[in-house]
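Structural overview for review
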Amino acid sequence: MADLVSHPDEVKVVSQRFGKGAAAMDRYLELDGYKAVQKALASGPEWIINEMKASNLRGRGGAGFPTGMKWSFVPKESAKPKYVLCNGDESEPGTCKDRLILEHDPHAVIEGVMIAALAVGAKTGFIYIRGEYRYLVDIMRKAIAEAYARGFLGKNIFGSGVDLDVRWHTGAGAYEVGEESALMESLEGKRGIPRIRPPFPAVVGLWGGPTVINNVETLASVPHVILGGGEWYAKLGTPKNGGTRLFCLSGHVQKPGVYELPLGYNLRKMIDDVGGGIWKGHKLKAVVPGGSSVPILKADEIDLAMDFDTLMKAGTFLGSGGVIVLDDHTCIVKFCLRTTKFYQHESCGWCIPCREGTDWMKKTLVRFHAGGGIKRDIDNLNYLAENMLGRTFCPLGDAAAMPVIGMIKKFREEFEAHLEGRPCPFEEHGAAVEQLPVLA
Amino acid sequence: MIPVSEQLDHFFTEKMKEYPTQRSFLVPMLLYAQDELGCLSNQAVEYIAGKAGLSQLEVRNVISYYSMLTTKPRGRFHVQVCTNICCQLRGAEDLFEHCKQRLGIGHKGVTSDEQFSLEEVECIGACSWAPAAQVNYDFHENLTPEKMDQVLDEYRSR
Amino acid sequence: MADVTITIDGNKVTAPAGTLLIEVCKSIGTEVPAFCYYPGLSLQAACRMCLVEIEKMPKMQTACTVPISEGMVVHTTTDKVRQARKSTLEFLLGNHPLDCPVCDAGGECELQDMTFSYGAAESKFMEAKLHRDEQQWSPVVFFDRPRCILCYRCVRVCGEAMDVWALGVQNRGSASIIAPNEGDHLECEECGMCIDICPVGALTSGAYRYKTRPWEMKHVGTTCMHCGDGCKTTLGVRRHETGMQIVRGDNRDKSGINGDFLCIKGRYAFDVTHSDERLTQPLVRHEGRLTPATWEAALELVASTFKRIRDEHGGSAIGVIGSNRTTNEENYLLQKFARVVLGSNNIDHHRTADFPALAAALKNTQVRTAGMRDVFNAKTILLIGNNPTDQHPLLAWQIRNNVRLHKARLFVVNAQDIKLHRQATAFAQVPSGSEAFAAAFLAGNDSVGESVGGDARNALLAMRQALKGAEEAVVIFGSEIRGAQVKAAVNLASALNAKIACLGDYANSRGAADMGLYPDLLPGYAQTSSEIFTGHWGALPEQPGWNIEQMVNAARDGQLRALLCVGSNPVVRYNVDPFVLQKTFLVVNEMFMTETASLATVVLPAACAYEKSGTFTNTMGDLQVVKKAGDLAGTKPDFEIVIEIADRMGFDVRKLVSLGGGTRADMGQSRGAQTGEADRHAVWLEAQNLEPRMTPFDPAAVLDEIQRLVPGYGEASRLNVAAGNDEHTTALEAGQGSATSDPDLVVPSEDTLFTSGTLGRYSNTLHSVIESRRKVPADKKTPV
Ligand SMILES: Cc1cc2nc3c(=O)[nH]c(=O)nc-3n(C[C@H](O)[C@H](O)[C@H](O)COP(=O)(O)O)c2cc1C
Ligand code: SF4
Ligand code: SF4
Ligand code: SF4
Ligand code: FES
Ligand code: FES
């Protein structure tokens, strides 16, 4: 459904089957489908995990944890059944890549889940797809049914004597459910409240059994690692940042879209070349390089290699691969407000700092952007965010705090420009905010 | 009498067998039941509570957590406009404003003929094709107010 | 687990590995604030109040979830920790109404205390605060949403600990709220546990709300006057025009056998004490109608009539029916009065369990009785009959939480599918009436297999198997097993090397039995000829007297000429035809105009257990103190009434209550009839230079005698009891008992959570709960 784009710098690995009708089984098989899983079956768990470790594939869900290492944490022996859980809750603003994979290459996801299951000794995998992606649920249901029909799933897969089931599941609207422990709660039919960790899912996960949780893109990359070899995959990227990933370019670029680029690709180039530069002849103001929760970069800070380690050094994160570009006509306060409004809406409410902090920040920003701000508000916003950071029950609190801290730090003068009843300098007809809340 | 179709009930029964606990399929079950019934009425809650082996309270606890689930009826076409950052940067606020004017309803409103309902939603995973909206489960992307009018007209004529 | 040593703020502490850090901190007096953590409930890590720094960990950690491990170095007083606490409070106060002066929890609020300690005084918040009207969820539960800090304690105590699951969390984010199971109201056990556990004023009780402030109350720790479990209860008392009024019931210090627990009756049904229907004036029948009289006239009439009948027709023409809700001292005194003053063994009470049969069955066995604490710590519990969830709420709590927290194995044998089935390792449903056969079968007697039926037999067989080698077991049986059948339960306990308990229904049912309210048994289940008592009291009527039914028959035949009925309603309990008692001089000590009282010749308004002092023995044999909390002008404790009757009959009351060698004191006859009499009397005694302890109204003197004479009571530490603790007594093991007691005389109360015998009918709270239930059609019940 969503338009596909392309650019000569792209290295198509996980996106290689996009637009080729690979959602259909026969087509998928023509395009090397289900070869990786057979290779994995033949080579055994240890080999799989070693290849995965060699690939330097790091989780594409946001945290960038090395996938091979994650799999190796799963205990060999377990009294309770083990599981693989594919995280297709994709809800981080700026991120729309898993959607393309699920639409164009669902079998690759199934295959990735199967390989992960073989690696850790799980008998069942679940593919959890966010509720809004109903058409993708339907595509996945069909793909799974086909795989069963061919004997790739179920009892004695590929005549190997191994039994393996893969199931689909869907959410019903909740960003927090993308957080791995809340995801398990949701799959168990509960409210998406995170769990206390430790124990980590690799040890105690779904229904108490050891569970591997990976992002859709991570798992869709796995068959390619297995077929091409870990070393080959690693070399596509930079040291410790193996392979390619889908970058979702959005915002004020001429050619937004999802592009597959090697890790370490230069951010400025990504915006200027791949994205075709800033739209309407405007200038670049800032970039949020890894989905809405990562700290913002100013226009002069973007000469960066897009890999996990470089961005971390630059004080931000590679996150989920959503590159959000802001031009110089953008009001940072308004952007900050909308970002905060999102976290306020999505906070599960379990812990005090996040529940109260997001609500408080949102209320203040609404008033502030509408012209009701006072100087103290700026410091207070920063105070609130700083006091959420690192103290909440799950990382959503950090995700809500970091953008606010970043924007105040880098664009304080723009906040100050809103003070004392002055209208937003970027609004043509004054603030678009509906009502000014009453001051308490 | 079960409030959902026999087909759906059967589908639930079969799907539930894939999980080790009775309640696991609850969230999808609620969403699919809602799709068929329009909303999760008291009757639906009672039915699903029975199906999942839970108290109605527990089912309501879960319903109220998920933003797609509702106990109040919506329009035949539920228009969900994303105004989150990527869409905002490309004009989502005007788009949403336009929808309000066009439909004569506000956020979470339902038109008097019950054909349309409107909701401002968070990111729907169309950030690179912003601004975007969903009508029921269909995606509409790279929208402008004019394109939105066409989309709405098209649904109206269905 | 092995011990490990950690460092907290520079102090070395050693504790078992895996202990939660917050508990270790607490144990050395290092304060770590907590809202969501509550011992015995599941961990939440939600409030973030307990964050501390642990070396080598990048982020602060929640002390409530971190198990300690060797070498851990913890800091709880750094600036970082202090700032985290302060900001968390700031976050909370942002949306919390700051109207402590009018909040019901003011003075008892953990949020208020913490704000005071960790400082978040200056308010940074300037947005509009959330406002919602307070909601009434049930006759006893009110919810004030903006005050709620979402610590989830209420949800957990209701679900995990009560197994009721009536509260949930709904919505998410800042819209999150606590929600009741029926949408806009609650349908639950109404125990009020959620209210008590709420750290702030979000959940409040209908009974106490806005009546007073905590610092305006006096707190009296006593024992609940309702069921046989004997929960420790703290009553909040306040001055009132008619005396001292009880305005609140809770278990403030969470001590005693019930810890956190109280059921609706312990928490709210104190309201019977200030019911409009309380009798506050003696009544004497005049031309067929009960008419108010003075205490002097009424007592004089009673005493002279009793004396005349005794002298003319002998003591056996008079009968006495005692109470299940009067103190041990009163019960002891009452039967002594019957035997010594009236010269009659015609004494009985409403029996709800067959304790004499148990005493007899325990003879020559090694089986000991179990106390309420044993039920919380036993490794195996076998419950035969009864439905503790309704009839013994504390016992049910102990069982549930032992299973939940200590993984005890519960085995249930019952004619009904009772709620405790949910906690049971195994459950056997047996035909009603075959409980004793089931016990015998479990003990290895195959010959009774037929009596329980096929399915039940299989279930029991599996249970018998599972019970093999059970350790630290307790066998608990209800009144379904009585008479000679009790032996089967004792045999089973003996086979399992288990302790045993028998369930009687009222607050002092066990005390009534232990204190000898039987026609054939003296205190301590001793024979009527027992030298222990004749030695001290002098000659006693030797022949066993009439039991309740025989007394009623004798009344019909005109042989029973007078009957003193203390705090009991036999007319209802034993279905007595009102006409039968027409010729009898019936004296009733009562709180209310019951069916029995309305037939009386003289009605004497009695004080209740919350208005006097003494002791109760719960159904498990745990002895606990009863303290005077409220008082109501016009009433007298039964203790005082009995003494005054004896005195007016010309009996030397020093023989009734050992007074030592003092002067015979004025007993208040001359100075009006009000409660508080005893207190003022003490002042008078002091003024006359008499030893105040010598007052015959002091029940402590009777407890002295009980401890001296009643086997099984002597070992109980008086100090411990006086301090509000429980002491297990063993009269059942020590006594003779009676194997031939008539099983038909056992009439279970069949109380539910919301009834409490005759007394419960006068509780507005219980009444309103029952009424609110009626409004809901039965098919609307939520499955849990
Ligand atoms: C609030 C929150 C939301 C998240 N949402 C998603 C998501 O939608 N999809 C996803 O794959 N991971 C998401 N994550 C990350 C997951 O917790 C988890 O790290 C990831 O699924 C692991 O897969 P990976 O190692 O393959 O990246 C989220 C994390 C947080 C804290
Ligand atoms: S930080 Fe706390 S309130 Fe926020 S989503 Fe995580 S657990 Fe929920
Ligand atoms: S009502 Fe009280 S106990 Fe319950 S969550 Fe709120 S503050 Fe905690
Ligand atoms: S369980 Fe029994 S003793 Fe305890 S509070 Fe309830 S009625 Fe009173
Ligand atoms: S921000 Fe609108 S679809 Fe992602
Ligand atoms: S007490 Fe530890 S988080 Fe609440």
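Residues numbered from 1 in each chain as written. Chains lettered and ligands numbered in written order. Predicted model: local features only at pLDDT ≥ 70, side-chain atom pairs only at ≥ 80, totals over all residues. Heavy atoms only, no water.

Right, let's get into the site of ligand 1. Residues and elements named next belong to chain A. Inspection of the region around ligand 1 gives 20 residues, with Gly61, Lys70, Asn214, Asn215 and Thr218 positioned closest. In the environment of ligand 1, an oxygen atom lies 3.2 Å from a nitrogen or oxygen atom belonging to the backbone of Glu90. Summarising the interface, the protein chains cover 91% of the accessible area of ligand 1, which totals 610 Å² for the free molecule. At 3 residues, the largest contribution of residues to the shell around ligand 1 is made by strand β4 (residues 211–215). (Near = heavy atom within 4 Å. Polar contact = N/O pair within 3.5 Å; in protein donor to acceptor, adjacent residues only side chain to side chain. Areas by Shrake-Rupley, 256 points an atom, 1.4 Å probe, with all protein chains shown as cover. Helix = DSSP H or I, 4+ residues; strand = E, 2+ residues; numbered from the N terminus.)

Among soluble globular proteins, nonpolar side chains are generally buried collectively. Core analysis: the biggest nonpolar cluster contains 273 residues, and Trp71(A), Ile110(A), Phe415(A), Phe35(C) and Ile178(C) have the highest contact counts within it. With 11 residues, the single largest contributor to this core is helix α6 (residues 106–120) of chain A. If sequence neighbours within four positions are ignored, Phe35(C) has contacts with Cys47(C), Met49(C), Leu89(C), Leu92(C), Glu110(C), Leu111(C), Met114(C), Ile149(C), Cys151(C), Arg153(C) and Pro199(C). Counting residues in each nonpolar core, the second largest holds 104 residues, with Leu299(C), Phe306(C), Leu604(C) and Ile641(C) among its members. (Core = buried A, V, L, I, M, F, W, Y, C linked by side-chain atoms within 4.5 Å. Buried < 20%, exposed > 50% of the residue type's maximum accessible area, 1.4 Å probe, protein only. Contact = heavy atoms within 4.5 Å.)

Quick look at the site of ligand 4 now. Residue and element names in this part refer to chain C. The local shell around ligand 4 consists of Cys224, His226, Cys227, Gly230, Cys231, Phe261, Leu262, Cys263, Lys265, Gly266, Pro393 and Leu394. Of all the secondary-structure elements, those providing two or more residues to the shell around ligand 4 are α6 (264–268) and α12 (393–406). The residue inventory of the shell around ligand 4, partitioned by class, reads 8 nonpolar, 3 polar and 1 charged. (Nonpolar A, V, L, I, M, F, W, Y, C, P; charged D, E, K, R; others polar.)

Residue and element names in this part refer to chain C. Across all of its chains, the model carries 13 cavities of 30 Å³ or more by this definition. Considering only enclosed or pocket space, the largest cavity measures out at about 370 Å³ in volume. Ser323, Arg325, Gly567, Ser568 and Glu590 are, among the 25 residues lining the largest cavity, the residues nearest its centre. Of the residues belonging to the lining of the largest cavity, the class tally is 9 nonpolar, 11 polar and 5 charged. (1 Å grid on protein atoms, 1.4 Å probe; cavity = no way out; pocket = protein on both sides within 12 Å on 5 of 7 lines; lining within 4 Å. Points joined across faces, edges and corners; volume = space filled by probe spheres on them.)

Residue and element names in this part refer to chain A. A surface patch of nonpolar side chains, amounting to about 270 Å² of accessible area, comprises Phe65, Met69 and Phe73. Structurally, the position occupied by Phe65 is in the loop between α3 (45–55) and α4 (67–72). Its relative accessible area of 34% is what places Phe65 among the partly exposed residues. (Patch = residues over 30% accessible without salt bridge, like charges linked within 9 Å, V, L, I, M, F, W, Y side chains within 5 Å. Salt bridge = Lys/Arg side-chain N within 4 Å of Asp/Glu carboxyl O.)

This brings us to the pairing of strand β2 (residues 124–129) of chain A. Residue and element names in this part refer to chain A. Most of β2 is tucked away, with 6 of its 6 residues classed as buried. In β2, alternate side chains face the same way, and those of Thr124, Phe126 and Tyr128 on one face and Gly125, Ile127 and Ile129 on the other are all buried. Inspection of the sheet shows strand β1 (residues 83–88) paired to β2 by 6 bridges, in the parallel sense. Residue pairing in the sheet places Gly88 in a bridge with Ile129 of β2. In terms of handedness, the path from β2 via helix α7 (residues 134–149) over to strand β3 (residues 165–170) forms a crossover that is right-handed. (Pairing = 2+ DSSP bridges. Right-handed = clockwise from strand over helix to strand, strands pointing away.)

Residues and elements named next belong to chain C. On the basis of which strands lie adjacent, the open sheet formed by 3 strands has the order β6-β7-β10 and antiparallel pairing. Each edge of the open sheet carries a strand with a single partner, namely β6 (135–136) and β10 (203–205). Examined bridge by bridge, β6 and strand β7 (residues 141–143) share 2 bridges and lie antiparallel to one another. Across the sheet, residue Gln136 finds its bridge partner in β7, namely Phe142.

Right, let's get into the confidence of the model for chain C. Residue and element names in this part refer to chain C. Predicted confidence across chain C gives a mean pLDDT of 91, with 93% of residues reaching 70 or more. In the model, residues 661–676 has pLDDT below 50 throughout and makes 43 contacts with residues more than four positions away in sequence or in other chains. Low pLDDT, under 50, characterises residues 778–784; the stretch is placed with 13 contacts to residues that sit more than four places away or in other chains. Among the prediction metrics, the complex's ipTM stands at 0.97, with pTM recorded as 0.93. (pLDDT = per-residue confidence, 0-100.)

Under the 1.5 Å per step criterion, the end-to-end length of helix α13 (residues 332–346) of chain A is 21 Å for 15 residues, consistent within 8% with the ideal 21 Å. In terms of residue burial, α13(A) counts as a mostly covered element, since 13 of its 15 residues are buried. (Expected span 1.5 Å × (residues − 1).)

Glancing now at helix α15 (residues 375–388) of chain A. Along its 14 residues, α15(A) runs 21 Å from first to last C-alpha, staying within 8% of the 20 Å computed at 1.5 Å per residue. All of the buried residues in α15(A) are Asp377(A), Ile378(A), Asn380(A), Leu381(A), Leu384(A), Ala385(A), Asn387(A) and Met388(A). The elements touched by buried residues of α15(A) are α14 (352–372) and α16 (396–416) of chain A together with α2 (79–95) of chain C. Immediately downstream of α15(A), the backbone of Gly390(A) shows phi near 75°, a positive value.

Here we come to unusual backbone geometry. Put simply, Arg197(A) and Pro198(A) share a cis peptide bond, and its omega is -5°. In the segment running from Ala130(B) into Pro131(B), the intervening peptide bond is cis, with an omega of -10°. If you check the backbone angles, Asn142(B) has positive phi at about 50° while not being a glycine. Inspection of the secondary structure assignment puts Asn142(B) in the loop between β4 (138–140) and α7 (145–156). Judged by its relative accessible area of 31%, Asn142(B) is partly exposed.

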